[in-house]
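Chain by chain, the residues:
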Amino acid sequence: MACGLSLAASSFASTLTVSSPQDPGSWDPIDTFLVNWASVATNIYDGLTYRGPDLKLQPGLATEWSQLDDGKRIRFKLREGVTFHNGEAFNANSVKFTFDRLMGAEGKKGPQRSNYAAIDSVEVIDDYTVDFHLKAADPVLLTKLAGYGAMIVPPAYIKEHGEDYFNTHPVGTGPFKFAAYEPKVSIKLEAYPNHWGGQPKLSNLDYRFISEPSTAVAELQSGRVDLVIPPTIPIGMIPVIEDNPDLKIVSTVSPTVYALRFNTKQGITKDERVRKALIYGVDRQAIIDTILAGQASQIASFQSAISFGNDPVMAPLPYDPAKAMQLLKAAGVKPGSKIQIDIRGNDSTFNEVTQAVASYLQIIGLNATIKPYETNVLLNDIIPAGKTGAMFQQSWGGWTLDYDNTAYFMYHTGEKWNPYDSDPALDALLESQRPITDSAKREEILKEIANYTADRALEMPLYNLNAIYAVSNKVKNFIPVPDSRLRLTNVSVD
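To start, this report covers the structure provided alongside it. Keep in mind the model is a prediction, meaning the values are calculated, not measured.

**Some details on the overall build of the chain**
Piece 1. Counting secondary structure elements, the chain contains 17 helices and 21 strands.
Piece 2. Taken over C-alpha atoms, the radius of gyration comes to 23 Å for the chain, in line with the 23 Å a tight globule of 494 residues would show.
Piece 3. Considered along the principal axes of its C-alpha atoms, the chain spans approximately 75 × 55 × 35 Å.
Piece 4. Of all 494 residues assigned to the chain, the portion counted as buried reaches 56%.
Piece 5. Of the contacts formed within the chain by residues at least 6 apart in sequence, a portion of 70% connects residues at least 24 apart.
Piece 6. When the accessible area of the chain is evaluated, it comes to approximately 19900 Å², of which 49% is carbon and sulfur surface.
Piece 7. Mean positive and mean negative side-chain charge positions of the chain (46 and 56 charges, respectively) differ by 4 Å.

Right, dumping it as structure tokens:
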């Protein structure tokens with residue numbers, strides 16, 4: 001309490017209130033893949049590496065690292081003098097505990113372990129040196145260590161209090177420490193003055209979980225919220241915010257991409273000609289210009305321009321309804337044929353996009369119906385089980401900014417997000433780039449994968465949506481980040 005009082009008395013004393021659309025339900029790094037977890041927890045935890053708003057990888061709890069044994073061993077030198085929020089010392093044992101836990105029985109319960117499957121073991125060399133022994137080189141691992149499951153956790157605290165307590169009372173080494181949590185309502189953080197990166201300018205950081213966009217905007221307008229983070233703001237509400245002199249919209253390019261993927265196993269979309277016809281038949285740029293108010297850009301493959309592996313030479317298939325109808329006729333598709341499009345029912349903006357897609361498909365002679373699902377049902381029951389219609393919504397964050405993290409999960413045989421397709425040639429390409437440490441060679445293979453999947457028309461690439469933030473003018477030094485991992489150390493509120 002004395003610490004809080006001293007901060008309150010300082011010239012930096014201030015509280016930032018943030019509206020987040022979702023309570024992840026657990027604050028344990030190994031329990032989630034949700035960007036709204038990262039928006040909060042990037043302030044509670046540190047990783048060995050850190051990726052800031054400029055997207056460049058930099059030291060975190062590791063001050064330096066070197067790749068040895070052809071990329072199959074990575075040695076990390078650790079930052080000294082760091083403490084967890086409970087006063088526990090950070091050292092090599094903390095790192096080993098974190099990854100033993102992630103790769104063990106506790107990690108198996110959550111969705112993060114597969115991201116770090118290349119790690120065979122972590123060896124303590126001395127108090128501030130660890131070696132990661134890898135089963136195979138993973139050129140994306142250093143980036144993965146900057147987020148989610150790789151956040152370093154306190155061994156003694158977890159052993160003393162147990163896993164369930166840690167889920168709701170998180171402790172890390174980050175710039176803010178946990179203060180209070182009311183599930184589905186809010187989480188409150190306090191500045192941690194002993195952070196190795198310096199004391200935050202804010203004294204308190206409060207997150208409110210507001211799922212309804214209109215409510216979040218109303219709270220921002222009233223001054224009860226200072227910042228609304230993605231993906232809350234519907235495109236249609238942007239003018240309302242911009243018309244308020246006390247508020248502003250701040251947006252930046254993001255890794256988030258949207259597509260309508262195809263059932264390539266059965267029905268009319270089993271035919272590649274039909275899949276290409278559907279792409280030719282939809283004017284994606286018109287959708288971006290009208291429904292999305294220009295806050296997006298067209299994509300030629302299922303990745304954004306900031307993704308490693310994106311091929312800037314690739315161009316999206318143009319809008320050509322005549323070509324679309326020609327291909328449908330060649331494939332023997334009769335006018336009036338039905339197409340079912342499965343979407344997330346709570347995504348109002350994408351619902352509007354899909355209605356536009358359905359209208360374009362009607363122009364080329366197809367009868368498209370839209371079937372909305374509750375998000376968790378679509379993601380956990382419908383897509384993985386191969387129970388979708390001919391087309392289904394897929395949005396993807398690509399948080400590593402590396403196409404492998406998207407392409408492998410979308411296209412490799414047997415993966416959760418690939419219930420229909422099996423292509424040995426594509427599997428071989430996907431597998432071939434993973435152990436390559438020469439970034440230029442690996443990038444060429446990733447570009448080849450992008451071109452190959454586009455040529456097979458495995459999805460209708462729609463757009464890369466900007467990360468859109470609504471901010472009060474009282475908020476100073478706010479820098480929007482592409483991947484929602486907001487570290488708010490240098491932000492202040494007037």
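**Description of the pattern of salt bridges**
Piece 1. The final tally for this structure, using the stated rule, is 24 salt bridges.
Piece 2. Several salt bridges converge on common partners, so that one network encompasses Asp 69, Arg 73, Arg 75 and Asp 131.

**Description of helix H8 (residues 213-222)**
Piece 1. Restricting attention to buried positions, one finds in H8 the residues Pro 213, Ala 216, Val 217, Glu 219 and Leu 220. Buried residues of H8 fall within an arc of 160° about the axis and therefore sit on the same side.
Piece 2. Check the buried side of H8 and you find it contacts strand E1 (15-20), strand E10 (204-209), strand E11 (227-228), helix H9 (238-242), strand E12 (247-252) and strand E19 (467-472).
Piece 3. Directly beyond the C-terminal end of H8, a positive phi value near 90° is found at Gly 223.

**Examining the environment of Leu 220**
Piece 1. Residue placement: Leu 220 occurs in helix H8.
Piece 2. Sequence separation between Leu 220 and Glu 443 is 223 residues; the distance between their C-alpha atoms is 42 Å.
Piece 3. Ignoring anything within four residues of it in the chain, the contact list for Leu 220 reads Val 225, Asp 226, Leu 227, Val 228, Leu 247, Ala 470, Val 471 and Ser 472.

**Considerations on the environment of Lys 265**
Piece 1. By the secondary structure assignment, Lys 265 is in the loop between strand E13 (257-262) and helix H10 (272-280).
Piece 2. Overall, the relative accessible area of 48% leaves Lys 265 in the partly exposed class.
Piece 3. A sequence separation of 41 residues divides Lys 265 from Ile 306, and the C-alpha atoms of the two residues are 31 Å apart.
Piece 4. Non-local contacts of Lys 265, meaning those with residues more than four positions away in its chain, are made with Lys 270 and Tyr 420.

**Concerning unusual backbone geometry**
Piece 1. Across the junction of Pro 230 and Pro 231, the peptide omega takes the value 0°, indicating a cis bond.
Piece 2. Relative to the helices and strands, Pro 231 resides in the loop between E11 and H9.
Piece 3. Positive phi, normally seen in glycine, also occurs at Tyr 148, with a value near 50°.
Piece 4. You can see Tyr 148 is positioned in the loop between helix H5 (141-144) and helix H6 (155-161).
Piece 5. On the basis of relative accessibility, which here comes to 3%, the residue Tyr 148 falls in the buried class.
Piece 6. We note that Lys 184 has phi near 65°; this positive angle belongs to a residue other than glycine.
Piece 7. Residue position: Lys 184 is located in the loop between strand E8 (176-182) and strand E9 (186-191).
Piece 8. Take Lys 184: its relative accessible area is 71%, and that puts it in the exposed class.

**So, the packing of aromatic side chains**
Piece 1. If you walk through the whole model with that rule in mind, you get 19 aromatic pairs.
Piece 2. With a centroid separation of 4.8 Å and 65° between ring planes, the pair formed by Tyr 148 and Trp 399 is classed as edge-to-face. Note that Tyr 148 is positioned in the loop between H5 and H6 and Trp 399 in the loop between strand E17 (391-396) and helix H15 (403-411), a separation of 251 residues in sequence.
Piece 3. Aromatic side chains Trp 396 and Trp 417 sit 6.2 Å apart centroid to centroid with 75° between the ring planes, which places their arrangement in the edge-to-face category. Of the two residues, Trp 396 sits in strand E17 while Trp 417 sits in the loop between H15 and helix H16 (424-433), which places them 21 residues apart along the sequence.

**Looking at the side chain of Arg 456**
Piece 1. Along the chain, Arg 456 turns up in helix H17 (residues 439-456).
Piece 2. Taking the relative accessible area as the measure of exposure, Arg 456 reaches 17% and is therefore buried.
Piece 3. Within the local environment of Arg 456, its side chain forms a polar contact with the side chain of Asp 421, the two groups lying 2.8 Å apart.
Piece 4. If near-sequence neighbours (up to four positions away) are discounted, Arg 456 is found in contact with Glu 272, Arg 275, Asp 421 and Asp 423.

**Remarks on the packing of H10 against helix H12 (residues 321-330)**
Helix packing for two helices is described by the angle between their axes and how far apart those axes are.
Piece 1. Viewed as axis vectors pointing N to C, H10 and H12 meet at an angle of 160°, and their least axial separation amounts to 8 Å. Viewed along their axes, H10 and H12 adopt a mutual orientation that is roughly antiparallel. Pair H10 / H12 crosses with left-handed handedness. Counting all contacts with H10, which are made through Arg 273, Val 274, Lys 276, Ala 277 and Tyr 280, the residues of H12 involved are Pro 321, Lys 323, Ala 324, Leu 327, Leu 328 and Ala 330.
Piece 2. For the contact of H10 with H12, the class distribution of residues is eight nonpolar, no polar and three charged.

**Examining the sheet that holds E17**
Piece 1. Sheet architecture is open: six strands sit in the order E14-E18-E13-E17-E15-E16, paired in mixed fashion. The sheet terminates laterally at strand E14 (296-298) and strand E16 (366-373), the two strands that pair on one side only. Sheet twist, expressed as the average angle between the axes of neighbouring strands with direction ignored, equals 25°.
Piece 2. The pairing of E14 with strand E18 (residues 459-465) spans three bridges and is antiparallel. Among the inter-strand pairings, Gln 298 is bridged to a residue of E18, identified as Tyr 463.

Conventions used here
- Residues numbered from 1 in each chain as written.
- Predicted model: local features only at pLDDT ≥ 70, side-chain atom pairs only at ≥ 80, totals over all residues.
- Heavy atoms only, no water.
- Helix = DSSP H or I, 4+ residues; strand = E, 2+ residues; numbered from the N terminus.
- Rg over C-alpha atoms; globule rule 2.2 N^0.38 Å.
- Buried < 20%, exposed > 50% of the residue type's maximum accessible area, 1.4 Å probe, protein only.
- Contact = heavy atoms within 4.5 Å.
- Areas by Shrake-Rupley, 256 points an atom, 1.4 Å probe, with all protein chains shown as cover.
- Lys, Arg positive; Asp, Glu negative; His and termini not counted.
- Charge placed at Lys NZ, Arg CZ, Asp CG, Glu CD.
- Salt bridge = Lys/Arg side-chain N within 4 Å of Asp/Glu carboxyl O.
- Arc of directions from axis to C-beta.
- Phe/Tyr/Trp six-rings, centres within 6.5 Å; stacked < 30°, edge-to-face > 60°.
- Polar contact = N/O pair within 3.5 Å; in protein donor to acceptor, adjacent residues only side chain to side chain.
- Axes fitted to C-alpha atoms, helices over the stretch in contact; angles between N-to-C directions.
- Parallel < 35°, antiparallel > 145°, perpendicular 65-115°, else oblique.
- Left-handed = near helix turned anticlockwise from the far one by under 90°.
- Nonpolar A, V, L, I, M, F, W, Y, C, P; charged D, E, K, R; others polar.
- Pairing = 2+ DSSP bridges.

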